[in-house]
Amino acid sequence: MTYIAHTQQPVDAQDLAQAELAQYMNQQAQAVAPTADPLTSRDRRIIAEIIEVEAESIRTIWLDAGVTVWVQLVDGGRLPFDRNWFAKRVAEVKATLPETPRERNDHLSDELEVACHRYGLTHGEIDWLSFSTTLYLNNRRVGFVGYNRAEQWYSRQRPLGGSRTTDSIDAAIALLGIRQPVAA
């Protein structure tokens, strides 16, 4: 039977201290200036459509000397493009790229917040899957609003009542009998 004797390697105190310092500096750098990804998932989808790669393979993008757009790929490759050509392609792709459910919910939420502020309303928790919520005026429930798959706003006064659809959040709120407050 073969036996192997393990001997402990001497640990140099300076190496230990150096490793500890490097770890501490990395933690401090993240605390002071955490690295945030400047590209959104939509940005990556647009760029990927233009250069015909997977969106996950795009690391970042930057403009060099105001003339060349550089796309850095995750595998280390870089691709240069003329700024004007790239800007034109971005506009074309943006016009045809369908929005994701999250992007849809984000812009609907913004519309809802603006309308609630305009009418002096508050809302309950949003059901993000169906994009619907309860509206309150002075802590009193006035009805429900939401956005359906037919891309229309709807409102109803009771939880199980019939919904009425419309093309804007303002019209959906008006269907609940709510009017904008008049400035005195």
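Residues numbered from 1 in each chain as written. Predicted model: local features only at pLDDT ≥ 70, side-chain atom pairs only at ≥ 80, totals over all residues. Heavy atoms only, no water.

A. Layout of helix α4 (residues 101-119). With 19 residues, α4 should reach 27 Å at 1.5 Å per residue; the first-to-last C-alpha distance of 27 Å fits that figure. What α4 keeps buried is the set Glu 103, Asn 105, Leu 108, Ser 109, Leu 112, Ala 115, Cys 116 and Tyr 119. Tucked into the core, α4 has its buried residues touching α2 (41-51), β4 (122-123), β5 (132-137), β6 (140-147), β7 (153-156) and α5 (169-174). Directly after α4, the chain includes Gly 120, whose backbone phi takes a positive value near 70 degrees. (Helix = DSSP H or I, 4+ residues; strand = E, 2+ residues; numbered from the N terminus. Expected span 1.5 Å × (residues − 1). Buried < 20%, exposed > 50% of the residue type's maximum accessible area, 1.4 Å probe, protein only. Contact = heavy atoms within 4.5 Å.)

B. A look at the sheet that holds strand β2 (residues 68-73). An order of β1-β2-β3 is seen for the 3 strands of this open sheet, with the pairing classed as antiparallel. Looking at which strands have only one partner, the edges of the open sheet turn out to be β1 (58-64) and β3 (78-82). Sheet twist, expressed as the average angle between the axes of neighbouring strands with direction ignored, equals 20 degrees. Across 6 bridges, the pairing between β1 and β2 is antiparallel. Looking at β2, one finds that Thr 60 is bridged to Gln 72. (Pairing = 2+ DSSP bridges. Axes fitted to C-alpha atoms, helices over the stretch in contact; angles between N-to-C directions.)

C. Representation of the nonpolar core in the model. Judged by nonpolar contacts, the single largest core of 18 residues is most densely connected at Leu 112, Leu 121, Leu 135 and Ile 173. Elements supplying a minimum of two residues to this core: α4, β6 and α5. The dominant element in this core, judged by the number of residues it contributes, is α4, at 5 residues. Ignoring sequence-local partners within four residues, the contact set of Leu 135 consists of Leu 112, Cys 116, Leu 121, Thr 122, His 123, Arg 140, Arg 141, Val 142, Gly 143, Val 145, Ile 173 and Leu 176. Among the nonpolar cores identified, the runner-up in size contains 15 residues, and Leu 39, Ile 46, Ile 50 and Ile 58 belong to it. (Core = buried A, V, L, I, M, F, W, Y, C linked by side-chain atoms within 4.5 Å.)

D. Region of interest: the packing of aromatic side chains. On inspection of all chains with the given rule, the structure shows 7 aromatic pairs. Relative to Phe 86, the ring of Phe 81 has its centre 5.4 Å away and its plane inclined at 35 degrees; by these criteria the two rings are tilted. Summarising the aromatic geometry, the rings of Trp 85 and Phe 86 are spaced 6.5 Å apart at their centres and angled 50 degrees between planes, so their arrangement reads as tilted. Chaining the aromatic ring pairs together yields one cluster made of Trp 128, Phe 131, Tyr 147 and Trp 153. (Phe/Tyr/Trp six-rings, centres within 6.5 Å; stacked < 30°, edge-to-face > 60°.)

E. Main features of the sheet that holds β7. The strand order across the open sheet formed by 5 strands is β4-β5-β6-β7-β8, and the pairing between neighbours is antiparallel. Either end of the sheet is taken by a strand with one partner, and the two such strands are β4 and β8 (164-166).

F. Local environment of the pattern of salt bridges. Considering all chains together, one arrives at 4 salt bridges under this definition. Between Arg 89 and Glu 92 there is a salt bridge; the shortest N-O distance is 2.8 Å. You can see Arg 89 and its partner Glu 92 sitting in helix α3 (residues 83-96), 3 residues apart, about one turn around the helix. The class for Arg 89 is partly exposed, based on a relative accessible area of 24%. Among the salt bridges present, the one from Asp 170 reaches Arg 118, with a minimum N-O distance of 2.9 Å. Note that Asp 170 is positioned in helix α5 and Arg 118 in helix α4, a separation of 52 residues in sequence. Relative accessible area serves as the criterion here: at 26%, Asp 170 is assigned to the partly exposed category. The class for Arg 118 is partly exposed, based on a relative accessible area of 32%. One continuous salt-bridge network, built from bridges that share partners, spans Arg 42, Arg 45 and Glu 103. (Salt bridge = Lys/Arg side-chain N within 4 Å of Asp/Glu carboxyl O.)

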